[in-house]
Amino acid sequence: MAADLFVVPTVTFRLLFVLVILVHDRRRIIHTDVTANPTAGWVSQQLRNAFPEDEAPRYLVHDRDGAFAAVATTVAGMRIEAVRTAPRSPWQNAYVERLIGSIRRECLDHMIVVNEVGLRRVLASYVAYYMRSRTHLALAKDSPEPRPVQSASTGRIVATPEVGGLHHRYDRVAA
C-alpha cells in the first residue's frame, strides 16, 4: 500500500490537506480524509482508522513528509514495515502520485472548494466514481471494483451522471 498527502486551496486561500491511502494490486482507494492541520497524531489516527486489527498491510510506502516522520511507533505497533522514498523522488511512490494527479485533473481543477465539509463530500463522490466506474489500462480497462461485461442484447445504453455531472457511467438497461 502507499500513502501520501496533498494540498487543496479553498476559496478563502486556506490550505486543506488530504491524506490518500491506496492499495497497489487493483488501485483501490482504502482511505481518504481532510484536515487543516496534518499532525503526526492525526496521521496516526488515520492509519488506525484505515487498517482495522487484522487488515494491516505488510508494507506502507510513503514520502519523507513531516506528518509521517513521527508515526513510526504507530506503524511498528501495527506490524507494518514503513518504506520511505528517497528525498525528492515522487516516482518511487508512483501509484499514489498518479492517483493524486487524477483527483486534481478529473475533479478538483473543475470546482471551487469552500471548506472541509465540501471537500470531504466531493472526495467521497470522486472515490465512489473511481472505484466503481473509472477504467484503468493496467486493469484491462476494468475499474478497481470489477464489473461484469454487458452484452449488446441487454438493452439500450443509459448515462448516469457522477461527481456532480463531471463524469458519467454508461450501463445497459433492459427495455
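Residues numbered from 1 in each chain as written. Predicted model: local features only at pLDDT ≥ 70, side-chain atom pairs only at ≥ 80, totals over all residues. Heavy atoms only, no water.

Thoughts on the overall build of the protein
- Per the secondary structure count, the protein includes five helices and seven strands.
- Seen along its three principal axes, the alpha-carbon backbone of the protein occupies a region of about 55 × 40 × 30 Å.
- Across the 175 residues of the protein, 42% fall into the buried class.
- Across the protein, 22 positive and 17 negative side-chain charges occur, with their mean positions spaced 4 Å apart. (Helix = DSSP H or I, 4+ residues; strand = E, 2+ residues; numbered from the N terminus. Buried < 20%, exposed > 50% of the residue type's maximum accessible area, 1.4 Å probe, protein only. Lys, Arg positive; Asp, Glu negative; His and termini not counted. Charge placed at Lys NZ, Arg CZ, Asp CG, Glu CD.)

Side note on the nonpolar core
- Ranked by internal contacts, the top residues of the largest apolar core, which has 26 residues, are Phe6, Val18, Ile103, Leu108 and Leu119.
- Elements with a contribution of two residues or more to this core: strand S1 (2-9), strand S2 (15-23), strand S3 (28-35), helix H4 (94-106) and helix H5 (116-132).
- A total of eight residues in this core trace back to one element, the largest contributor, which is H5.
- Each residue touching phenylalanine 6, except ones within four places of it in the same chain, is listed here: Leu16, Phe17, Val18, Val20, Ile100, Ile103, Arg104 and Leu108.
- Residues Leu5, Leu19, Val43 and Ala67 belong to the second largest nonpolar core, which totals 16 residues. (Core = buried A, V, L, I, M, F, W, Y, C linked by side-chain atoms within 4.5 Å. Contact = heavy atoms within 4.5 Å.)

A closer look at the side chain of serine 44
- Along the chain, the position of serine 44 falls in helix H1 (residues 40-50).
- Among all residues touching serine 44, those that are not within four sequence positions of it are Val71 and Thr74.

With respect to the packing of aromatic side chains
- Applying the stated criterion to the full structure yields two aromatic pairs.
- Between tyrosine 126 and tyrosine 130 the ring centres are 6.2 Å apart and the planes differ by 40°, which places this aromatic pair in the tilted class. Here tyrosine 126 and its partner tyrosine 130 are both found in helix H5, four residues apart, which amounts to about one turn of the helix. Here the two residues tyrosine 126 and tyrosine 130 agree in accessibility, since each one is buried.
- Clustering of aromatic rings is evident, with ring pairs tying together Tyr126, Tyr129 and Tyr130. (Phe/Tyr/Trp six-rings, centres within 6.5 Å; stacked < 30°, edge-to-face > 60°.)

Concerning unusual backbone geometry
- With a phi close to 70°, phenylalanine 13 is a non-glycine residue in the positive phi region.
- Inspection of the secondary structure puts phenylalanine 13 in the loop between S1 and S2.
- Phi angles above zero are rare outside glycine, and arginine 27 is one such case at about 60°.
- Mapping arginine 27 onto the fold places it in the loop between S2 and S3.
- The buried category is assigned to arginine 27, whose relative accessible area is 15%.

A word on a nonpolar patch on the surface
- On the surface, Val11, Ile112 and Val114 cluster together into a nonpolar patch covering about 300 Å² of accessible area.
- Look at valine 114 and you get exposed, because its relative accessible area is 53%. (Patch = residues over 30% accessible without salt bridge, like charges linked within 9 Å, V, L, I, M, F, W, Y side chains within 5 Å. Areas by Shrake-Rupley, 256 points an atom, 1.4 Å probe, with all protein chains shown as cover. Salt bridge = Lys/Arg side-chain N within 4 Å of Asp/Glu carboxyl O.)

Comments concerning the environment of proline 146
- Structurally, proline 146 can be placed in the loop between H5 and strand S6 (156-162).
- The class for proline 146 is exposed, based on a relative accessible area of 57%.
- With 14 residues separating them in the primary sequence, proline 146 and arginine 132 have C-alpha atoms 7.6 Å apart.

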